Amino acid sequence: MKYFSLIIAATLVLASCKEDPQEPFVPNVQNLEGGMLVLCEGLFQHNNAAINWVSLPSGSSDPNFFETKTGRALGDTGNDMMRYGDKIYVVVNVSSTIEIMSAIDFTPILQIEMTDNGQPKQPRSLASANGKVYITCYDGFVDVLDTATLSIDQRIAVGENPEGLAVSNNKLYVANSGGLNFPDVDSTVSVIDLNTLNELQKITVGLNPGGVMVNDAGDVFVISRGDYGANPSRLRKIDPTTDQVINASYTFDISAMTSMSATDMLVYDAAGVYQFNFQTDAITTTIPMNMATIQTLYGLAYHPTENALYVMDAMGYTNEGVIRKYDINGNYLTGYPAGLNPSKILFFD
Amino acid sequence: MFAGGLVLPAFAFAQVKVDTNLVPVKSLEAVRIPAELVIYHLPLFDKLSKEDIEQLNTDDVAGLVAKTPGATIRSYGGLGGLKTVSMRGLGGQHTAVLIDNFLVTNAQAGQMNLGQLQSEGLISVKSGVLQNSMNLAPISSSFSSNYLQFRTFMDIRSPERTRVNTSIRYGSFMRREVYAQGSRGKGHWNFGAFGKYRDANGAYPYQFVNGSTPDSGVRGNNDYQDMHFGASMSRQMGHLGKLRLIYRSSRIDQGLPGAVIFYNESADERMNTQDHRIMLDYAKHDYDQNSYRLYLNGGMNDLEYFDPTHLNAEGFVHDAFRNYSITGGYVHSKKIPEKEEDYYSESRLFYVKWGAEQRIEMLESNRTTLGRPFRASTYGLVAGKYEKYKLMVEATAGAQLVVDENNLGRNTHIQFTPNARTTYEFKSRGKRKAELIYKRNFRLPSFNELYFGEVGNSDLQPEIAHQLDLGYHWKIFERYIGWHWELKGQGFYNHVKNKIVAIPTKNLFIWSMQNVDRAMIYGGLVESGAIRRFNDNHRIEFMANYTWQRVIDITPDAITYGHQVAYAPEHTANADVMYFYKGFSFRASNNFVSSRYALNQNVPANYLDPFWTMDVAIGYKHTLKRRHKIGVQLNVRNLTNASYAFIRSYVMPGRHYLLTLNYEIF
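Residues numbered from 1 in each chain as written. Chains lettered and ligands numbered in written order. Predicted model: local features only at pLDDT ≥ 70, side-chain atom pairs only at ≥ 80, totals over all residues. Heavy atoms only, no water.

### A closer look at the sheet that holds strand β29 (residues 332–340) of chain A
Residues and elements named next belong to chain A. Put simply, the rule reads: Two strands form a pair only when DSSP identifies at least two bridges running between them. Helical segments are the DSSP runs of H or I of at least four residues, strand segments are the runs of E of at least two, and each set is numbered from the N terminus. Lines fitted to C-alpha atoms define the axes, with helix axes restricted to the stretch in contact, and inter-axis angles between N-to-C directions lie between 0 and 180 degrees.
Across the sheet, four strands lie side by side as β26-β27-β28-β29; this open sheet has antiparallel pairing. Looking at which strands have only one partner, the edges of the open sheet turn out to be β26 (297–303) and β29. If you compare each strand with its neighbour and ignore which way they point, the axes differ by 20 degrees on average. Across six bridges, β26 lies against strand β27 (residues 308–313) in antiparallel orientation. Opposite leucine 300, over in β27, you have valine 311 as the bridge partner.

### Details of the packing of aromatic side chains
The criterion, for reference: Any pair of Phe, Tyr and Trp rings, taking the six-membered ring for Trp, is counted once the centres come within 6.5 Å. Such a pair is stacked with planes under 30 degrees apart, edge-to-face with planes over 60 apart, and tilted for the rest. Only protein chains enter the area calculation, which uses a 1.4 Å probe; residues under 20% of their type maximum are buried, those over 50% are exposed, and those in between are partly exposed. A ring is considered to have a charge above it if a Lys NZ or an Arg CZ atom is located within 6 Å of its centre and within 35 degrees of its normal.
The full count for this structure, using the stated rule, is 36 aromatic pairs over all chains. Geometrically, the ring pair formed by tyrosine 250 of chain A and phenylalanine 252 of chain A is tilted, given 5.5 Å between the ring centres and 40 degrees between the ring planes. The same class applies to tyrosine 250 of chain A and to phenylalanine 252 of chain A, which are both buried. Members of the aromatic cluster, connected to one another through ring pairs, are Phe221, Tyr250, Phe252, Phe276 and Phe278 of chain A. The cationic tip of arginine 293 of chain B hangs over the ring face of phenylalanine 102 of chain B; the distance from NZ or CZ to the ring centre is 4.7 Å.

### Description of the pairing of strand β30 (residues 342–348) of chain A
All names here are of chain A. The buried fraction of β30 amounts to six of the seven residues, a majority that puts the element mostly inside the structure. Two elements, strand β1 (residues 35–40) and β30, share six bridges in a ladder whose sense is antiparallel. Bridge pairing in β30 places leucine 39 opposite lysine 344.

### Points about the interface of chain A and chain B
Test applied: Contacts: residue pairs with any heavy atoms within 4.5 Å of one another. For any pair of parts, buried area is found by adding up, for both, the accessible area (1.4 Å probe) each one loses once the two are put together. Salt bridges, as used here, are contacts in which a Lys or Arg side-chain nitrogen is within 4 Å of a carboxyl oxygen on Asp or Glu. Nitrogen and oxygen atoms within 3.5 Å of one another constitute a polar contact, given that in protein one can donate a hydrogen and the other can accept it, and given that sequence-neighbouring residues count only through two side-chain atoms.
Facing the 58 residues of chain A at the interface are 52 residues of chain B. Between chain A and chain B, the buried area comes to about 4500 Å², and carbon and sulfur atoms account for 62% of it. Between chain A and chain B we count zero salt bridges in total. Here chain A and chain B share 17 residue pairs in polar contact (both at pLDDT 80 or more) between them. When contributions to the side of chain A that touches chain B are tallied by element, the ones reaching two or more residues are α1 (4–15), β6 (97–102) and β9 (119–120) of chain A. The biggest single contributor to the side of chain A that touches chain B is α1 of chain A, with six residues.

### Some details on the confidence of the model for chain B
Applied cut-off: What pLDDT conveys is the predictor's confidence in a given residue, as a value from 0 to 100.
Residues with a pLDDT of 70 or more make up 89% of chain B, whose mean pLDDT is 88. We note a pTM of 0.89 for the whole complex and an ipTM of 0.91 for its interfaces.

### Looking at the nonpolar core
All names here are of chain B. Stated formally: Definition of nonpolar core: a set of buried residues of the types Ala, Val, Leu, Ile, Met, Phe, Trp, Tyr and Cys, connected through side-chain atoms within 4.5 Å.
The biggest cluster of nonpolar side chains holds 40 residues, and the ones touching the most others in it are Leu114 and Phe150. The dominant element in this core, judged by the number of residues it contributes, is helix α2 (residues 61–65), at four residues. When residues no more than four places from it in sequence are discounted, the contact partners of phenylalanine 150 are Val61, Val65, Val97, Leu98, Ile99, Asp100, Leu122, Ser124 and Val125. If you look at the next biggest cluster of nonpolar residues, it comprises 23 residues, including Leu136, Phe143, Leu381 and Leu444.

### Structural notes on the side chain of asparagine 662 of chain B
Residue and element names in this part refer to chain B. With respect to the element layout, asparagine 662 can be found in strand β35 (residues 656–665). In terms of polar contacts, asparagine 662 uses its side chain to reach the side chain of asparagine 165, at 2.7 Å. At 3.0 Å, the side chain of asparagine 662 forms a polar contact with the backbone oxygen of threonine 166. Once you skip the residues sitting within four places of it in the chain, asparagine 662 turns out to touch Asn165, Thr166, Ser167, Lys629, Ile630 and Gly631.

### Some words on the sheet that holds strand β6 (residues 122–128) of chain B
Residue and element names in this part refer to chain B. The sheet built from five strands is open, its strands ordered β1-β6-β7-β4-β5 with mixed pairing. The open sheet has two edge strands, β1 (47–49) and β5 (102–104), and neither has a second partner. The average undirected angle you get between the axes of adjacent strands in this sheet is 20 degrees. Examined bridge by bridge, β1 and β6 share three bridges and lie antiparallel to one another.

### Details of the pattern of salt bridges
As enumerated under the stated definition, the model contains 57 salt bridges over all chains in all. A salt bridge links aspartate 116 of chain A to arginine 155 of chain A; the nearest nitrogen and oxygen atoms lie 3.2 Å apart. Separated by 39 residues along the polypeptide, aspartate 116 of chain A in strand β8 (residues 115–116) and arginine 155 of chain A in strand β13 (residues 151–157) bring together distant segments of the chain. Look at aspartate 116 of chain A and you get partly exposed, because its relative accessible area is 32%. Between lysine 171 of chain A and aspartate 243 of chain A there is a salt bridge, and its shortest N-O distance comes to 3.0 Å. Separated by 72 residues along the polypeptide, lysine 171 of chain A in strand β15 (residues 171–176) and aspartate 243 of chain A in the loop between β20 (234–239) and β21 (244–247) bring together distant segments of the chain. Across this residue pair, the class does not change: lysine 171 of chain A and aspartate 243 of chain A are buried. Via salt bridges that share partners, Asp59, Glu120, Arg169, Arg175, Glu177, Lys196 and Arg637 of chain B belong to a single interconnected network.

As structure tokens, this is what we get:
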């Protein structure tokens, strides 16, 4: 009994020895070829937004590709990523920065601090046209970035808490979400003349507009996300010539969309992934994938060369994500590890 | 060197008793106790003394609680930062906080912000799993899994003279502070009062690693100002009864620096809190027969939050909350000896205790979506304790009826909290003791968890915790080298179900509180204290503890099944060395927290580095004349200038200093 306590202590110390998790193998990537960049949003106030590089089809990945290339972290809450010309633009919302990288080898080019009188603008989404990159900022503006000088030329006032945006018919369509006034959210889309950079009008599309996309014909599609309750998330369509909402009552509920081809796009929510045909203006095909195997469908990308779907599974938002690859018939092909909350993919052949 | 008040504690739990195995005495007056046998108290982290508290000189009580075995502090910053405690892997809402034997609560948050409770004026801090079942603590405090008990100078009787203790402090980050307390006994009356003012700009430099790049910064918008005031009066009623009236208030105005966000240093949010509490009780301690206590406790807490640059339509956010609480209760304990002679021999005794308590809590807010939450809690408790020779068995049965009401409707919960403890003392009394405890406890969802905007979920059920503790306690005295040494070991197992956690439900930006998780907690702790007295003016002390805990997510089908829960370190340890020579004192205080994960998934991306910090205190006290003493103390915190954080992105201060000048009339 005399040494009972000491034995307990020693046992506890020995039993508690446990190895820390091992860092995975990281490939040395020189050029962005044969793979994909995955933007992982991370979590608010965790400073853990990341860009992964995944080599296809080997599946080897660098989960901190941005850090590998820059020696520093991406920041807090990465919201959007876009390739335009020979550069990649990344929006980091809470850090309030735009990161500009080479689209050839991902060499860092410039970090732009998005502040206005010392206050963060909280950039959100990206669109591009005519040598400009347009950036929605949660403070109620769209910033215009000149891709030649890599500086912000102008700020265009729009509605509250703008989110997605897209260009059609030399006009910029900006979804005003008003998300920070929830539940009294906005329901308009601002139309901006790209010649004058002035707002022409606001179009009412439905509660809480978020994503905006344009097809090859110039039709503007908007997701109005509703109130996450009685008013469901719905698809709207705007005629870019008249700037009128020409189909305000699609009968299906969807929460997001992504481009696919000149004739179709993919629309989806937690219940399923569907092919939407622009000619028939309707869902034509349900991709028969097993949705039960996807825990949190957070994003979807279509790979035109492979004719494959890449589902970004956020795995409950607080776990590392998984990119699940399916063929166009919904057959599961393979999976790739990703960071926290993967939301955007850029493919490089 | 005569016995006087300096007597041996027979056991660690006892305050003043004589170990008759060491000193064969018939009466205290007749014996001279050898100097090496005289000790004031054995230093242990689970019962910090006034001397410990003064030396540690912490910003708030969280710094003291961090030293207690099994405690994990979650600190969001230095002075003024939100600080909560997890005891043995259980959330902060499972810990009852008592000040001068009154429970302090906050129904809105569900737990106390330890960063807002001052450490000045404290004379002891105790922590543990189960209080003495026969004490007269508020009934509801027995319903928590763990307790923290703070006792202030206002809870002790002053002699028939005025006692004054004043101090001024200057420290890093432009910290200034003045504190004064006084007390006086007069006849049957006793009076006490204190006041404190403190401010600081809080602009502390910090270091961090951004990716693989070392970086540094200065904490902005971290200014802090607080004022505390309190007064008490008590009257001795007859030989054994005492009536107490205590008032405490605080007012805090502070900037909120928020998390350190890479590339974005903006911060302009502010918070203002005011707290008023009034406490009244009458207690009669008849140690031979009946002891009882009638208590009443009312509180009002205001919290204002202001974000002047929010990107909503108004351009700002201004939230105001007012919490009301009123508690009244009665507790009675009775000693029933088997035989007449057992009154004093304490060899075979049976105790019973019963009591009831009613608490009303209410929240008002300018947030219309929050409604006007109201909670009525009724507690009932019966307990029995049996002592025979070296065996002690006690059992408690409690029930709580809770009615939650808001514009969303009404919810009623009934919960039962049985617990039991048995101890057995080996060999002679007071030398070695084994202890086994079982408790079933729960914690109610807070008003914020129930009703706060989209996050709130009015259907939440209480979180249930089963606790099993096996302890072993060993105290020895090495007569020949003069060391007193005490060792405690404890193993614990907790099972938590209906764990209340926030998870994203509709999308990443809309989280909601859910009863989804289960957790299993097991581990052990060892604690030791030692003291070596060379003579009355010369001694050295040592105290240390180590806790190992596995706090494991066992939520069925969860990806993180089997993973260590977020922010639960597997290892924590404290080790302090104190040296006293005449008026000089020195203390080196060490705290170690092992690696943790910022989220439940134990992957490298969530990994947080372990840290070790060392604080040093050097002091000198000089008696000017009879009953007048002046003192000076320098505290160096984070001596090694370690860069560390309890919570991801909330970097703590580097090395900083605090100089205290003290004048005392005792």
